[in-house]
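# What the coordinates show
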Amino acid sequence: MKLFSRLTLLVTSMLAVLLLSPAALAGWHTALANAHLLGAGDFRKFGFLVYTARLYTPADHLDDSTPFALELTYHRSIKGDALVDASINEIKRIQGSAVSAEQLQRWREQMQQSFVDVEEGSRLTGVFLPGQGAQFYVGDQLKSEIKDLTYAKAFFAIWLDPRSRDPDLRAQLLGTSKN
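All of these numbers come straight from a predicted model, not from anything done at the bench.

Within the element layout of this structure, Thr-52 appears in strand β2 (residues 48-57). Residue class for Thr-52 comes out buried when judged on its relative accessible area of 11%. In terms of polar contacts, Thr-52 uses its side chain to reach the side chain of Asp-42, at 2.7 Å. In terms of polar contacts, Thr-52 uses its side chain to reach the side chain of His-75, at 2.7 Å. Excluding anything up to four places from it in sequence, Thr-52 contacts Gly-41, Asp-42, Glu-71, Leu-72, Thr-73 and His-75.

Okay, structure coming up:
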């Protein structure tokens, strides 16, 4: 019995060291060393604050070769399936016929693995990695990695494309807002 107790203590101690190490606590920051806040803003729907968005990058501006992290801190409870539906609808609206029904279905399945139910204070972060795809974090925990650059570009276009539903939020995120 003593051996079992010692093994349990050893395994527990090792897990604690791993979970509390700087690498485990760093979350998406490890993917984007030297990232700084480029811009931030709030998204409202029907006057209600839904989330605060923050865009981090190691560069001074964005282009296709710039990695970035888009962090959303929610102020409302929303089901993960509703986040998926809203994302798919926005991708369809922005991309139009450039995206096939088969692609949308694959992307829906990937989103369902990446997105969780959120409540006030929940933080979801998507990281765009040029030439690779995207990583998605819940808090500081990596939830999924998707190696599909077309998906990554279409997903982040929801906020960053000139056809974004909220051009003021886009300008705030890109640091070009006149406000």
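Okay, back to it.
With that out of the way, let us pick up the nonpolar core. The biggest cluster of nonpolar side chains holds 37 residues, and the ones touching the most others in it are Tyr-51, Phe-155 and Trp-159. Those residues within four positions of Tyr-51 in sequence are excluded, and the remaining contacts are Gly-41, Asp-42, Phe-43, Leu-72, Thr-73, Tyr-74, His-75, Trp-159 and Leu-169. Membership of the second largest hydrophobic core comes to seven residues, among which are Trp-28, Leu-32, Ala-69 and Val-127.

Centre-to-centre distance and the angle between the planes together describe a pair of aromatic rings. This model, assessed by the stated rule, comprises 15 aromatic pairs. Between Phe-128 and Phe-156, the aromatic rings sit 6.2 Å apart at their centres with planes inclined by 80°, giving edge-to-face as the arrangement. With Phe-128 in strand β4 (residues 123-129) and Phe-156 in helix α5 (residues 149-160), this pair connects stretches of sequence that are 28 residues apart. Assessed through its relative accessible area of 4%, Phe-128 is described here as buried.

To continue, consider the side chain of Ser-122. Note on placement: Ser-122 falls in the loop between α4 (101-114) and β4. Residue contacts for Ser-122: discarding those within four places in its chain leaves Leu-72, Thr-73 and Tyr-74.

Looking now at the packing of α4 against α5. One way to put it is that α4 packs onto α5 with a least axis distance of 11 Å and a crossing angle of 80°. The angle between α4 and α5 places the two elements in the roughly perpendicular class. From α4, Gln-103, Trp-107, Gln-110 and Met-111 reach across to α5, where they touch Thr-150, Tyr-151, Ala-154 and Phe-155. Looking at side-chain class alone, the contact of α4 with α5 contains five nonpolar, three polar and no charged residues.

This next bit is on the pairing of β2. Of all 10 residues in β2, seven are buried; the element is thus mostly enclosed. Pairing between strand β1 (residues 36-45) and β2: nine bridges, direction antiparallel. Counted as the bridge partner of His-36 is Thr-57 from β2. Counting the residues between successive antiparallel strands, the hairpin from β1 to β2 contains two residues, one of them, Phe-46, with a positive phi of roughly 55°.

Conventions used here
Residues numbered from 1 in each chain as written. Predicted model: local features only at pLDDT ≥ 70, side-chain atom pairs only at ≥ 80, totals over all residues. Heavy atoms only, no water. Helix = DSSP H or I, 4+ residues; strand = E, 2+ residues; numbered from the N terminus. Buried < 20%, exposed > 50% of the residue type's maximum accessible area, 1.4 Å probe, protein only. Polar contact = N/O pair within 3.5 Å; in protein donor to acceptor, adjacent residues only side chain to side chain. Contact = heavy atoms within 4.5 Å. Core = buried A, V, L, I, M, F, W, Y, C linked by side-chain atoms within 4.5 Å. Phe/Tyr/Trp six-rings, centres within 6.5 Å; stacked < 30°, edge-to-face > 60°. Axes fitted to C-alpha atoms, helices over the stretch in contact; angles between N-to-C directions. Parallel < 35°, antiparallel > 145°, perpendicular 65-115°, else oblique. Nonpolar A, V, L, I, M, F, W, Y, C, P; charged D, E, K, R; others polar. Pairing = 2+ DSSP bridges.

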